[in-house]
Amino acid sequence: MLTARATLALLIAAGTLAPDLGLTLTSEDPDPLPELYQALQNAQLRSAGALRNSSFEVDRIRFHFGEGELYLLDPAAGVVTGAVVLGKGTIRVRPPSAVERQQLDKHLDEEELDEEFNGLVMRFTDDSAERLRALTTAARKPDVGKAQKLYRDRIKKALENRLTDLDARVLHDLVSVARGQVASSSLNEVGRRQGYFAAEVDAKGWFTVDVDPLNREEIRIFQARDLRRTWDHWTHFHVASDYPAGGDEPEGGSPAAPQATLEGWTPAIRQLEVAVDLLLDNGEEVEGNAELLLEATRPLDALRLQISPILDVSQIRFAVPPVDRGGSGSPAPSTQPTIPRSDSTLDSPPGELPDIEGDPLEFVQAHVGRGLNEDRWDPRVTVVLPRTMAAGERFLLRFRYSGDLLARLRAGDFVVRDTETWYPRDPEAGRAKYDMTFRMPDRYRVASGGTLVDEQLLDGKRVARWVVDEPVAAMSFHYGRLDVDEYTPEGIPPISIYTSPNTLGFAPGAREKTLEDISGALGLYTHYFGPPPFNKLVLTETASSSGQSFPGFVRISFATSGGMHTGEAELFRTHELAHQWWGNAIGWDTYRDQWMSEGFAQYAAALYVLEGLGEEDKFLEMMSAWSKDVRGQMDVAQAIGVRHYGFSPGAMRVSDGNKTGALWVGYRLNSDDTPIDYRVQIYEKGAYVLHMLRMMLVDWEGPSGSSESAEDGGLERNSERSESPSIGDDTRFRRMMREFSVANVGKDPSTEDFLAAVSRAFDQPMDWFFDQWVYGTEVPVYRADLEAERDPDGTWHLRGRVRQEDVADDFRMPVPIRVSYENQEPIVHTIWVDRPEVEVDLPLPDRDKPDDIEFNVMFAVLAQVK
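Source: prediction; values computed, not measured. (Residues numbered from 1 in each chain as written. Predicted model: local features only at pLDDT ≥ 70, side-chain atom pairs only at ≥ 80, totals over all residues. Heavy atoms only, no water.)

**Topic: the nonpolar core**
Worth spelling out the cut-off: For the purposes of this section, nonpolar cores are sets of buried Ala, Val, Leu, Ile, Met, Phe, Trp, Tyr and Cys residues that join through side-chain atoms within 4.5 Å. Burial classes follow relative accessibility: with a 1.4 Å probe on protein chains only, a residue under 20% of its type's maximum area counts as buried, one over 50% as exposed, and anything between as partly exposed. Should any heavy atoms of two residues lie within 4.5 Å, those residues are considered in contact.
If you look at the biggest cluster of nonpolar residues, it comprises 108 residues, and the most contacted ones within it are Y525, W595, F754, F769, W773 and M813. If near-sequence neighbours (up to four positions away) are discounted, M813 is found in contact with M692, M696, W768, F769, Q772, W773, Y782, I831, W832, V833 and V861.

And the structure:
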């Protein structure tokens, strides 16, 4: 049976739905579609004239039309929202930063986008239609049918290949126009921002130009790979008005830190509270209610919220939250609206979801049929609010949704297929409190974060309620046939362990080792990063190949208890635990700063292998492997099983190594040609950045692993841990990390915030280091020719030269050199390699001839040494 939504889509695609049909579906229909949305879907193209030797600009994007015909869509709410150009021309874009020019060069072998096109399909809510029409002359041989076919095809492809409903995005802006909140002639005049503009460009295959003021970084140019359903993100940057006067960054040299922008960006809403009620009673299919308490940050007519593409929203209702007058004994009742809460977990039969209440809203979530593949829905739900919300006004949105959220595995085991958007949310809207109810057969349990405040068994059902009272960025859950054990080690918060009969990491023989790693890492991380950001930890194992961490809740992958060797398994487990600090308690500002979450967690886990396990050889093997991966060097030893870290040579064949881009590019490092480069750079190079800072701050003459009890937050480190004999006192590094961590709990710091913290720790500006290692892509090659020489007076000197290659002439790093003796303690000298060739002449102690000279001790600098 076709829903109203699917039927409408088929009629439009077949061309049998007239543009003036006037079909109205109210919000009580099973698939509510606003009338304005229908007008957008029904709009037809009309010939608007010829384009001859004329140019059209949108911010930094310049289209030049050689010869072509322009077709414009029928107006909706008085606004023309689309156009097609049949004919040839060129598109030119010059990104404003060296980082982004490097990314274009990666994808296109040019630092500027300069391509000939054979046609354009455009959608917009700004004044593009008027400006395009002003360029036209009389049409010669218009072909409306061809233009209409091309337009429909590209709109369909956007939905099918990248789950983007362009009509819904346009609808978001037009709601304000239809209500008279924004005049159609001035829709693009919102602060320094312009209206929405998107162009599908037929050149070198189709690619997309997207200029969206709803996004923090407004301009994106990317290519969706149809067959693999991947995206190649060619370049992202802000609109020109967001940058200081002067425009582009200087040419030449390594990509330097991008310019700071002038914008004071805030999301459209603040997400304050989330209440979710899930019915887990039908195998893989889940039904859910979600309630969001939101606050508008500016006048608001519509919202676009994220939800998993495997979930279908069937209802959305609006309500005004009651004012919280405080409970009994409350000395100062709040006057802020909150989500209303019942004292009882059960407000409906245990096997049924309660009806959602409130005024029904119109919304759009397009359904995507994908042939033999699983159906999907638009992961953006466009919600039309009942009226314009004023800045600071709070309101409730209530959702009913369903879908195959669970994957059933072995008896009693499930995997949550989408752990992040299993309820509607705005990831940019800040941290929220959570109240989560789960209804399931009584043989199953749910593990989650926060506090299990109630659990009841009624009529063969289990109903559990988890509450997170402190605002967090996100929360998830684990589901299955689970047993619960409590573990209360001395000196660290208690741990609740949820296990199934198929759990490997907590099975007899493995359980003690897993808990030893978790408790040992907790002590170590407290030593380095400050007190644990939770009062109790919920720990479980998932049958998925990757683990995940949410505040107070860690899901360890079963793979850590399989064929991994000592060191590798601990690295994976404790990486997820480190996210309790890096990623959960301390977030990141934008996707460009996420390297601080993954890279910091990866290095924290390596530190546990070094100091928690006392496995210096394994730690050094990690640093060596990560160095090779970042440099794109094949590791034969890894292929034959001698080395266990990093990526295999087979995987590295689809990596560009350090040439793939700067850490600051974030998730965009992955592309169709470089599918592993996000993990190579963000995890491994991100960890290496911390390693280099630690090596630069270490006191080589100080005692290894020395500690200051006042810094331990009242928690003692494991006294039985073997200390590394090769590294001196890293107190300065620990102090830097603790200060940065403690100062940013509950915040989302940027890379620039960390740069400021590093500069304070070094007591000097450290921009040069970040320019090289965070915003740059260069990795040096060192050729060291050093030997100990004895002078006629009997004194020893370390002499020779060090050549630096494959980097800019002013690239600089301090490199430690260890001089070892057969019967005496080694000494470490640090030299600055800051030009293509450095002469070395260092006096040595009055000892026998050195036994060994080691350049770049502890792999202290990410480099190739020849």
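Resuming the write-up.
**Examining the confidence of the model for the protein chain**
Heads up, the condition is: Confidence of the predictor at the level of single residues is given by pLDDT, which spans 0 to 100.
Across the protein chain, the average pLDDT comes to 86, with 85% of residues at 70 or higher. Note that residues 1-32 has pLDDT below 50 and, in this model, 48 contacts with residues that lie over four places away or in other chains. Scored below 50 in pLDDT, residues 325-334 shows eight contacts in the model against residues more than four places distant or in partner chains.

**Things to note about the side chain of R592**
The test is simple: Note on conventions: DSSP H or I runs of at least 4 residues are helices, E runs of at least 2 residues are strands, and numbering of each starts at the N terminus. Pairing of N or O atoms within 3.5 Å defines a polar contact, subject to two protein rules: one partner must be a possible hydrogen donor and the other a possible acceptor, and residues neighboring in sequence count only if both atoms are side-chain atoms.
Among the secondary structure elements, R592 is positioned in the loop between α8 (568-578) and α9 (595-612). In this structure the side chain of R592 is engaged in a polar contact, spanning 3.3 Å, whose partner is the backbone oxygen of W664. Residues in contact with R592, not counting those within four places in the same chain, are E100, E217, H236, L663, W664, V665, R668 and T751.

**Remarks on the sheet that holds strand β1 (residues 45-58)**
Here is the rule: Two strands form a pair only when DSSP identifies at least two bridges running between them.
An order of β5-β1-β2-β3-β4-β6-β7-β8-β9 is seen for the nine strands of this open sheet, with the pairing classed as antiparallel. Unpaired on one side and paired on the other, β5 (136-137) and β9 (230-237) mark the two borders of the sheet. Sheet analysis places strand β3 (residues 82-93) next to strand β4 (residues 113-124), joined by ten bridges and oriented antiparallel. If you follow R92 over to β4, its bridge partner there is D114.

**Description of the packing of helix α13 (residues 677-697) against helix α14 (residues 731-743)**
Put simply, the test is: The axes are straight lines fitted to the C-alpha atoms, using for helices just the contacting stretch, and the angles between their N-to-C directions are given from 0 to 180°. Each angle receives one of four descriptions, namely roughly parallel if under 35 degrees, roughly antiparallel if over 145, roughly perpendicular if within 65 to 115, and oblique otherwise. Gly counts as polar in this scheme, as do all residues outside two lists: the nonpolar Ala, Val, Leu, Ile, Met, Phe, Trp, Tyr, Cys and Pro, and the charged Asp, Glu, Lys and Arg.
Orientation of α13 relative to α14, taken along the N-to-C sense of each, is 130°, at an axis distance of 7 Å. Relative to α14, α13 is oriented oblique. In contact with L690, L693, R694 and L697 of α13, α14 contributes R732, F733, M736 and M737. Looking at the contact of α13 with α14 residue by residue, the classes come out as six nonpolar, no polar and two charged.

**Description of unusual backbone geometry**
For D59, which is not glycine, the phi torsion reads 55° and is therefore positive. Take D59: it is sitting in the loop between β1 and β2 (61-73). Residue D59 is classed as partly exposed on the basis of its relative accessible area, which comes to 26%. A positive phi is found at M858, a non-glycine position, where the angle reads about 55°. Residue classification places M858 among the buried residues on the basis of a relative accessible area of 2%.

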